[in-house]
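Single-letter residue listing:
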Amino acid sequence: MNGEQQSTTILEVKNIKKSFQPDFYKTAQQILKDISFTVESGQFVGFIGPNGAGKTTTIKCLLEFIFADSGSALFFGEKLTVENRARIGFLPERPYFQEFLTGLEFLKLHWKLSHQKSDQFANKALEVLKLVKLDHAKDKKLKNYSKGMLQRIGIAQALITDPDFLIFDEPMSGLDPDGRILIKQILKSLKQTKHTVLMSSHLLEDVEELCDQLIIVHAGTVVYTGSLAVFKKDFNTLEEAYKQFKVNLNQGFDQ
């Protein structure tokens, strides 16, 4: 990741729609109605909205874990490919950890899955383990990791290939205060080094502290995209601004 690179569009999302049919005899429910936004290089973007708004579904569509009904997503100016997928680091909301592996083995698995050169693994693994403060536990099996340690090794695997773009889905969900502090320190270090990050979160105080850009999803539609500072300019906190925004938004939907 080159922190000196000029600003370019990392992700461009246009009019993504997605419906699910719970049963074959039931009418399909449209979860994503119109998802459009861009992420520029060097931005730390908060992706927020109420539960069920479509944040995780959007991320799954972007990464093609599921497929959108229509719309498009371009990474680095092109559709998702094997080559540009290797430039994306991802931490899902509920990551799966092979508990029989050690931390180091877990990272090596993801390194191999990304088709990286084997002779570069050792140095890179040590680098990311130090960043997430797990170098002391690299030979410990994941089944013996705490919740916070698992979240940190999850971030390490997202960073192991030195990606140009990071997507984190609720990276601090379910952590105790100590775990949140450590994860937040890691995220702050990524911001300082100008990594490009899209972070889904329902913790508004963390979004306010970390992010410079904001995307708000409501009922499957992007209802705000832009500067976080502009969004909260008339309020003391992001939480206050978001509450008033929701009041205005709901009034508009009711009319």
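Cut-off values and rules
- Residues numbered from 1 in each chain as written.
- Predicted model: local features only at pLDDT ≥ 70, side-chain atom pairs only at ≥ 80, totals over all residues.
- Heavy atoms only, no water.
- Axes fitted to C-alpha atoms, helices over the stretch in contact; angles between N-to-C directions.
- Helix = DSSP H or I, 4+ residues; strand = E, 2+ residues; numbered from the N terminus.
- Parallel < 35°, antiparallel > 145°, perpendicular 65-115°, else oblique.
- Left-handed = near helix turned anticlockwise from the far one by under 90°.
- Contact = heavy atoms within 4.5 Å.
- Nonpolar A, V, L, I, M, F, W, Y, C, P; charged D, E, K, R; others polar.
- Expected span 1.5 Å × (residues − 1).
- Salt bridge = Lys/Arg side-chain N within 4 Å of Asp/Glu carboxyl O.
- Buried < 20%, exposed > 50% of the residue type's maximum accessible area, 1.4 Å probe, protein only.
- Core = buried A, V, L, I, M, F, W, Y, C linked by side-chain atoms within 4.5 Å.
- pLDDT = per-residue confidence, 0-100.
- Phe/Tyr/Trp six-rings, centres within 6.5 Å; stacked < 30°, edge-to-face > 60°.

The N-to-C vectors of helix H5 (residues 147-159) and helix H6 (residues 177-192) enclose an angle of 20°; their axes lie 10 Å apart at closest approach. Accordingly, the angle class assigned to the pair H5 and H6 is roughly parallel. Crossing of H5 against H6: the hand is right-handed. Between H5 and H6, the residues in contact are Gln 151, Arg 152, Ile 155 and Leu 159 and Leu 182, Ile 183, Ile 186 and Leu 190, respectively. Of the residues assigned to the contact of H5 with H6, the class counts are six nonpolar, one polar and one charged.

Here the focus is H6. The terminal C-alpha atoms of H6 lie 22 Å apart, and with 16 residues this matches the ideal 22 Å at 1.5 Å per residue to within 8%. The positive-phi residue at the C-terminal boundary of H6 is Lys 194, with phi of around 65°.

One pass over the full model with this rule turns up 14 salt bridges. A salt bridge links Glu 93 to Arg 94; the shortest N-O distance between them is 3.8 Å. What makes Glu 93 partly exposed here is its relative accessible area of 24%. Using a relative accessible area of 70% as the deciding quantity, one classes Arg 94 as exposed. Across the salt bridge formed by Asp 206 and Arg 180, the nearest N and O atoms sit 2.8 Å from each other. With Asp 206 in helix H7 (residues 204-210) and Arg 180 in helix H6, this residue pair connects regions lying 26 residues apart in the sequence. Accessibility expressed as a relative area gives 21% for Arg 180, which makes it partly exposed.

A word on the nonpolar core. Leu 107, Ile 153, Phe 168, Leu 187, Met 199, Leu 214 and Phe 231 are the most contacted members of the largest nonpolar core, which has 49 residues in total. For this core, the element with the most residues is H5, which contributes seven residues. If we skip the residues at most four places from it in the chain, Leu 187 touches Phe 44, Phe 168, Pro 171, Met 172, Met 199 and Leu 210. Residues Phe 47, Ile 59, Leu 63 and Ile 215 belong to the second largest nonpolar core, which totals 27 residues.

With that out of the way, let us pick up the confidence of the model for the chain. Mean pLDDT over the chain: 89, with 95% of residues reaching 70 or higher. A low-confidence stretch, residues 1-5 stays under pLDDT 50, and its non-local contacts, those more than four residues away or across chains, total 10 contacts.

The tally for this structure, following the rule as stated, stands at eight aromatic pairs. Seen in terms of ring centroids, Phe 65 and Phe 90 are 5.6 Å apart; in terms of plane orientation they differ by 40°. Their pairing is tilted. Remark: Phe 90 occurs in strand E5 (residues 88-91) and Phe 65 occurs in the loop between helix H1 (55-62) and strand E4 (70-75); sequence separation between them is 25 residues. The class for Phe 65 is partly exposed, based on a relative accessible area of 46%. Relative to Phe 121, the ring of Trp 111 lies with its centre 5.8 Å away and its plane at 65°, an arrangement referred to as edge-to-face. With Trp 111 in helix H3 (residues 103-113) and Phe 121 in helix H4 (residues 121-131), this residue pair connects regions lying 10 residues apart in the sequence. Residue Trp 111 is classed as buried on the basis of its relative accessible area of 4%. One aromatic cluster is present, formed by Tyr 224, Phe 231 and Phe 245 through successive ring pairs.

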